[in-house]
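# Breakdown of the fold
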Amino acid sequence: MSTHAGAAAGRTPVERAKAALMDTYQRQPITLRSGHGVWVTTDDGRELLDVVAGIAVNVLGHNHPALRDAIAGQAATLMHTSNLYYTEPQLELAELLVASAFPSRVFFCNSGAEANEGAIKLARKWGKVHRDGAHVIVCAQGAFHGRTMGALAATANPRYRKPFEPLPKGFVHIPYGDLEALEQSIDSATCAVMLEPIEGESGVIPLEPGRLAAIRRLCDERNVLLILDEIQTGMGRTGRWWAYQHEDAAPDIMTVAKALGGGVPIGAILAAPRADVFEPGDHGSTFGGGPLACAAAVAVMQAVESEGLVENAAEVGDYLAESLSALADRGAPIAGVRGRGLMLGIGLSRDVARDVAAAALDEGLIVNAIGERTLRLVPPLVITRDEVDEAVLRLGRAFDAVAGYGADA
Ligand SMILES: Cc1ncc(COP(=O)(O)O)c(C=O)c1O
């Protein structure tokens, strides 16, 4: 076994990936080597402005000293213990999460799909214990909850589901935010309603104002649990710690991952006392809540707080949305800007999302295309107004290269 054998043989990353990596991703043709703040550097030395942030993960940007130091310090102290013992980082992180959200207790895991998997189990057990065996979870069309079998059953997109059917039963999908459909779909077999406060993967689709609070009320009236997947919307991204806080519509169960570790894999489930029905032996994870990942997440939560990044997401997010609307006014094929804080989707009026994302890369900007009609911007929460100006300038040039509308005019 020799390291860097592929590189030594002069093969490109694309060739090496073709031979050694499963073919599951459509990757951009670049290899990233290092990062700093909102910038990343490719192996051939190009500096790119990154407004994707590992898909809403790198909230502190790349290479943040507090996160780096926390990881290095914990790695030099205690890296893994299993959950047979207590560790200080896990306890501290649980306390910070609960303090940022609603009265609850926490279970730690390693990813978003895993958090949702656990939330589904929790809701099923609650249904068994408190609602006569009710087990059906009402989910939303457009929902994305992850790639494991339970999370996939809660996910709507047939493209992701079909090859793996039969999926676990007991999930129904109704139009996102449709209160009437929700009312009709809840029956004696229903244990929970599960949704994202803003649908991320299907194109940054927000709920109408007031809708989440109405869904919360309905769940109370009908005695079913509300599960919110805040995996993409959480950790300050929308201008509040958690997106539900815009409407004071606290869920019974909330799932968290992505930004929690700032780049270190970690996920969590928060459950209000009513839904907190796991007992010893019901659920577990070898790595979940390990001291290394928890120390990283503690550092992330503390930095988000001490650097005012929730407020920054709200303020700079508004500025970014305005700047994108100004691009539209200047003729870019933008139909509208959706989302909240630093979770924004640019709806396009033409099928050019992938072309624009590719052109943006040539202009030194990493932006994410969702299908052909949406560009997603989920930058690090440390992004400044100046960096937003630079990102919008580069995006304008990309639109110009693709759609020729005269961005610099
Ligand atoms: C809302 C939401 N839920 C769940 C997931 C799955 O998370 P993971 O990829 O960490 O399993 C994602 C990932 O994009 C997501 O956006």
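Residues numbered from 1 in each chain as written. Predicted model: local features only at pLDDT ≥ 70, side-chain atom pairs only at ≥ 80, totals over all residues.

## Considering the overall build of the protein
Helices and strands together make up the secondary structure of the protein, namely 14 helices and 17 strands. Compactness check: the protein gives a C-alpha radius of gyration of 22 Å against a globular reference of 22 Å for 409 residues, within 12% of the reference. Taken along the three principal axes of its C-alpha coordinates, the protein extends 65 × 50 × 45 Å. (Helix = DSSP H or I, 4+ residues; strand = E, 2+ residues; numbered from the N terminus. Rg over C-alpha atoms; globule rule 2.2 N^0.38 Å.)

## Quick look at the site of the ligand
Neighbouring residues of the ligand: 15 residues in total, closest Ser 111, Gly 112, Ala 113, Gly 146 and Ile 231. Among the elements that make up the shell around the ligand, the one with the highest residue count is helix α6 (residues 112–130) (three residues). Tallied by class, residues from the shell around the ligand come to five nonpolar, seven polar and three charged. (Near = placed C-beta within 6 Å. Nonpolar A, V, L, I, M, F, W, Y, C, P; charged D, E, K, R; others polar.)

## Remarks on the sheet that holds strand β14 (residues 343–348)
Sheet strands pair by backbone hydrogen bonding; their relative direction is either parallel or antiparallel. As summarised here, the arrangement of the four strands in space is β13-β14-β17-β16, forming an open sheet in which the pairing is antiparallel. In this open sheet, the two strands that pair with only one neighbour each are β13 (334–340) and β16 (368–370). In this sheet, adjacent strand axes meet at a mean angle of 25° when their direction is disregarded. Contacts between helix α12 (residues 309–329) and the sheet are confined to β13, β14 and β17 (374–377), with β13 contributing the most and set at about 175° to the helix. Contacting β14, β16 and β17, helix α13 (residues 353–362) runs over the sheet at an angle of about 175° to β16. (Pairing = 2+ DSSP bridges. Axes fitted to C-alpha atoms, helices over the stretch in contact; angles between N-to-C directions. Contact = placed C-beta atoms within 7 Å.)

## As for the environment of Ile 55
Relative to the assigned elements, Ile 55 resides in helix α3 (residues 53–56). Considered as a pair, Ile 55 and Phe 278 are 223 residues apart in the sequence and their alpha carbons are 31 Å apart. Those residues in contact with Ile 55 that lie beyond four places of it in its chain are Asn 368 and Val 378.

## Side note on the domain arrangement of the protein
Entries for the protein in the domain assignment read domain 1 (13–64 + 308–403) and domain 2 (66–306). Contacts between the two partners involve 27 residues from domain 1, matched on the other side by 25 residues from domain 2. Elements that contribute at least two residues to the side of domain 1 that touches domain 2 include exactly α3, α12, β13, β14 and β17. The element best represented in the side of domain 1 that touches domain 2 is α12, accounting for five residues. Each residue belonging to the side of domain 1 that touches domain 2 can be placed in one class, and the counts come to 14 nonpolar, 10 polar and three charged. (Domains from an automatic or database assignment.)

## Quick look at the sheet that holds strand β11 (residues 253–256)
Strands sit in the order β4-β12-β11-β10-β7-β5-β6 across an open sheet of seven strands; the sheet is mixed. Two strands bound the open sheet, and with one partner strand each, they are β4 (105–109) and β6 (171–174). Across the sheet, the mean angle from the axis of one strand to that of its neighbour is 20°, orientation sign disregarded. Set on the sheet, helix α5 (residues 88–100) makes contact with β4 and β12 (267–271); between it and β4 the angle comes to about 125°. Of the strands in this sheet, β4, β5 (136–140), β7 (190–195), β10 (225–229), β11 and β12 touch α6, which is tilted by about 25° from β12.

## Examining the packing of α5 against helix α11 (residues 291–306)
Where α5 contacts α11, the axes come no closer than 8 Å and their chain directions differ by 40°. The handedness of the crossing between α5 and α11 is left-handed. Listed contacts from α11 to Pro 89, Gln 90, Glu 92, Leu 93, Leu 96 and Ser 100 of α5 are Pro 291, Cys 294, Ala 295, Ala 297, Val 298 and Met 301. For the contact of α5 with α11, the class distribution of residues is nine nonpolar, two polar and one charged. (Left-handed = near helix turned anticlockwise from the far one by under 90°.)

## Section: the packing of helix α4 (residues 65–75) against α11
As a packed pair, α4 and α11 sit with axes 9 Å apart at the nearest point and diverge in direction by 155°. Taken together, α4 and α11 sit at an angle that is classed as roughly antiparallel. Of the two elements, α4 crosses α11, and the hand of that crossing is right-handed. Where α4 approaches α11, its residues Ala 66, Leu 67, Ala 70, Ile 71, Gln 74 and Ala 75 are matched on the opposing element by Pro 291, Leu 292, Ala 295, Ala 296, Val 298, Ala 299, Val 300 and Ala 303. Looking at the contact of α4 with α11 residue by residue, the classes come out as 13 nonpolar, one polar and no charged. (Parallel < 35°, antiparallel > 145°, perpendicular 65-115°, else oblique.)

## Focus on the pairing of β17
Here four bridges tie β14 to β17, and the two strands are oriented antiparallel to one another. Of the residues in β17, the one forming a bridge with Ile 346 is Leu 375. Sheet topology note: the β16/β17 ladder contains three bridges and is antiparallel. In the strand pairing of β17, Ile 370 is matched with Thr 374. In this antiparallel pair of consecutive strands, β16 and β17, the connection spans three residues, and Gly 371 shows a positive phi of 60°.

## Examining α6
Taking 1.5 Å of rise per residue, 19 residues should cover 27 Å, and α6 covers 26 Å from first to last C-alpha, within 8% of that figure. By the criterion of burial, α6 is predominantly enclosed, with 14 of the 19 residues buried. In the segment just after α6, Asp 132 is the residue with positive phi, at about 60°. (Expected span 1.5 Å × (residues − 1). Buried ≥ 20, exposed ≤ 12 C-beta atoms within 10 Å, placed from the backbone.)

## Side note on α4
By the burial criterion, the buried members of α4 are Leu 67, Ala 70, Ile 71 and Gln 74. Down the axis of α4, the buried side of the element spans an arc of 95°, and every buried residue falls inside it. More than 90 degrees from the buried face of α4, the exposed residues found are Pro 65, Asp 69, Ala 72 and Gly 73. The secondary structure elements touched by the buried residues of α4 are α5 and α11. (Arc of directions from axis to C-beta.)

## Regarding unusual backbone geometry
At the junction of Glu 165 and Pro 166, the peptide bond is cis and its omega measures out at 5° in the coordinates. Considering the arrangement of structural elements, one finds Pro 166 in the loop between α8 (158–161) and β6. Of note in this structure, Ser 82 is not a glycine but carries a positive phi near 75°. Tracing the chain through its elements places Ser 82 in the loop between α4 and α5.

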